[in-house]
Amino acid sequence: MRNWMFIISVFLLVACDEVAYLRNDEKPVLVLNAVLEAGCDSMRIELTETKGAYDQSPWQRFQDAEVRVYEEGELLGIAEYQPADSSFVLRQPVKAERTYRIEARVAGKGMVWGETQVPRSPERYDFEIDFQEDNGWDYAVADCRWQDRAEDTDYYWLGAEAIGVFSMSWKAVKDLETDSALPDPVNRVFSLTNNSAYAWGIRIPDVGMNGQILSISYRFLRETNRVRVCFWSLDKHYDAYLKSFHAHYYNAEPTEGEMPWAFYRVNVYSNVQGGTGLVGSYAVERKMR
């Protein structure tokens, strides 16, 4: 029986721009993870190493690694290791429409690197949130309207966040219901209301939009009145990673003789050279009620 390695420590999750397959008995490789947010005042970078599915030891950390960040080809700075959360941090702002390259060197293990171009938010957008009751269930309804950029290929994801009854922090809402024909079915899930539901986010492919005004309405169950809708513009790498994650999480099944799905394989998009992982970016707009 083949034992497949869980190849990436998920961050929110070997050649460039490919799906990576690693066997459980293969030599470990470096994992570089960094997802940059446009407008954020710093960058957080994780550097770990692959390990076998049955390996219960802590994730390998490389606090002596040299992690360099380049902006538009020029050295922006060297990230510092933060023991509090075992990550590297560079306190420099993330700017939309800039290209960032992250390189990590580990003594005796070589170098890994990845690159991303940070997207910007749509120039015109409008979000509205309303509350409704349906068969005794309390819902929040989001109406989103925005204009596509004709000159760009955009990667749109919509979602919601809420603060629960016993929580003090924002958490992503899992099931989003809509009858719109716009969403990609890659993460469509079963819904008790017979509407189409999508797990953790709604992906809107940029196909044939050409600068059009787009709109979509979706709803989600709410525990309290503290909710907000989210509109993400992703770079192509983060979008490809999320799409591959959802496609295999919800649709992949082990072949005959394989292990249960939790350990049998993970086919995840990677844009990291010299190892595996993700260097991606996004811009996000939120409206709260």
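Quick caveat, the model's predicted, so the values are computed rather than measured. (Residues numbered from 1 in each chain as written. Predicted model: local features only at pLDDT ≥ 70, side-chain atom pairs only at ≥ 80, totals over all residues. Heavy atoms only, no water.)

### Some words on the overall build of the protein chain
Consideration 1: Assigned secondary structure in the protein chain consists of two helices and 21 strands.
Consideration 2: Accessible surface for the protein chain amounts to roughly 14,900 Å². Of this, 47% is attributable to carbon and sulfur atoms. (Helix = DSSP H or I, 4+ residues; strand = E, 2+ residues; numbered from the N terminus. Areas by Shrake-Rupley, 256 points an atom, 1.4 Å probe, with all protein chains shown as cover.)

### As for unusual backbone geometry
Consideration 1: Even without being a glycine, Glu72 presents a positive backbone phi close to 50°.
Consideration 2: Mapping Glu72 onto the fold places it in the loop between β4 (66-71) and β5 (74-78).
Consideration 3: Its relative accessible area of 45% is what places Glu72 among the partly exposed residues.
Consideration 4: Positive phi, normally seen in glycine, also occurs at Asn135, with a value near 55°.
Consideration 5: Position of Asn135 relative to the elements: it lies in the loop between β10 (125-134) and β11 (137-147).
Consideration 6: For Asn135, a relative accessible area of 74% translates into the label exposed. (Buried < 20%, exposed > 50% of the residue type's maximum accessible area, 1.4 Å probe, protein only.)

### Observations concerning the pairing of strand β7 (residues 87-90)
Consideration 1: Burial of the side chains of β7 extends over both faces: Ser87 and Val89 are buried on one face and Phe88 and Leu90 on the other.
Consideration 2: As judged from the three bridges shared by strand β3 (residues 43-49) and β7, these two strands associate in the antiparallel manner. From the neighbouring strand, Arg44 faces β7, where its bridge partner is Val89.
Consideration 3: Taken together, the three bridges between strand β6 (residues 80-82) and β7 define a ladder with antiparallel strand orientation. Bridging across to β7, Glu80 finds its partner in Val89.
Consideration 4: Where β6 hands over to β7, the hairpin turn is made up of four residues, of which Ser86 adopts a positive phi near 55°. (Pairing = 2+ DSSP bridges.)

### Digging into the packing of aromatic side chains
Consideration 1: Across all of its chains, the model carries eight aromatic pairs by this definition.
Consideration 2: The interplanar angle of 25° and the centroid separation of 5.4 Å between the aromatic rings of Tyr125 and Phe127 together place this pair among those described as stacked.
Consideration 3: A ring pair is formed by Phe127 and Phe231, whose centres lie 5.8 Å apart and whose planes are at 25°; its orientation type is stacked. Remark: Phe231 occurs in strand β19 (residues 227-234) and Phe127 occurs in strand β10; sequence separation between them is 104 residues. Comparing Phe127 with Phe231 shows no difference in burial state: the two are buried.
Consideration 4: Taking NZ or CZ as reference, Arg219 lies 3.8 Å from the ring centre of Tyr139, over its face.
Consideration 5: The side chain of Arg289 reaches across the aromatic face of Phe131, ending 4.0 Å from its centre. (Phe/Tyr/Trp six-rings, centres within 6.5 Å; stacked < 30°, edge-to-face > 60°. Lys NZ or Arg CZ within 6 Å of the ring centre and 35° of its normal.)

### What to know about the sheet that holds strand β8 (residues 99-106)
Consideration 1: Reading across the sheet, the four strands line up as β5-β4-β8-β9 and stay open at both edges, with antiparallel pairing between neighbours. Edge positions in the open sheet fall to β5 and β9 (110-117), since each of these has one partner strand only. Along the sheet, successive strands turn relative to each other by an average axial angle of 20°, direction set aside.
Consideration 2: Pairing of β8 with β9 involves eight bridges; the strand directions are antiparallel. For Arg105, the partnering residue across the bridge sits in β9 and is Met111. (Axes fitted to C-alpha atoms, helices over the stretch in contact; angles between N-to-C directions.)

### Quick look at the pattern of salt bridges
Consideration 1: In total, this model carries 19 salt bridges according to the counting rule given.
Consideration 2: Between Arg289 and Asp130 there is a salt bridge, and its shortest N-O distance comes to 3.5 Å. On the criterion of sequence distance, the pair formed by Arg289 in the segment after β21 (276-288) and Asp130 in strand β10 is long-range, its members being 159 residues apart.
Consideration 3: For Arg289, a relative accessible area of 44% gives the class partly exposed. (Salt bridge = Lys/Arg side-chain N within 4 Å of Asp/Glu carboxyl O.)

### Side note on the layout of surface pockets
Consideration 1: The volume enclosed by the second largest pocket comes to roughly 370 Å³.
Consideration 2: Contributing to the lining of the second largest pocket are 18 residues, with Gln117, Val118, Pro119, Thr153 and Asp235 lying nearest its centre.
Consideration 3: For the lining of the second largest pocket, the elements supplying multiple residues, two or more each, are β9, β19 and α1 (236-251).
Consideration 4: Ranked by residue count, the leading element in the lining of the second largest pocket is β9, at three residues.
Consideration 5: Looking at the lining of the second largest pocket residue by residue, the classes come out as four nonpolar, six polar and eight charged. (1 Å grid on protein atoms, 1.4 Å probe; cavity = no way out; pocket = protein on both sides within 12 Å on 5 of 7 lines; lining within 4 Å. Points joined across faces, edges and corners; volume = space filled by probe spheres on them. Nonpolar A, V, L, I, M, F, W, Y, C, P; charged D, E, K, R; others polar.)

### Let's talk about the side chain of Ser270
Consideration 1: Mapped onto the elements of the fold, Ser270 is located in strand β20 (residues 268-270).
Consideration 2: Note on Ser270: relative accessible area 1%, which makes it buried.

### What to know about the confidence of the model for the protein chain
Segments scoring low in pLDDT should not have their predicted coordinates read at a detailed level.
Consideration 1: Here the protein chain averages 85 in pLDDT, while 84% of its residues score no lower than 70.
Consideration 2: Long-range and interchain partners of residues 1-22, a stretch whose pLDDT sits below 50, account for 84 contacts in this model, where long-range means more than four residues apart.
Consideration 3: Across residues 259-264 the pLDDT falls below 50, and counting only partners more than four positions away or on other chains, this stretch makes 17 contacts in the model. (pLDDT = per-residue confidence, 0-100. Contact = heavy atoms within 4.5 Å.)

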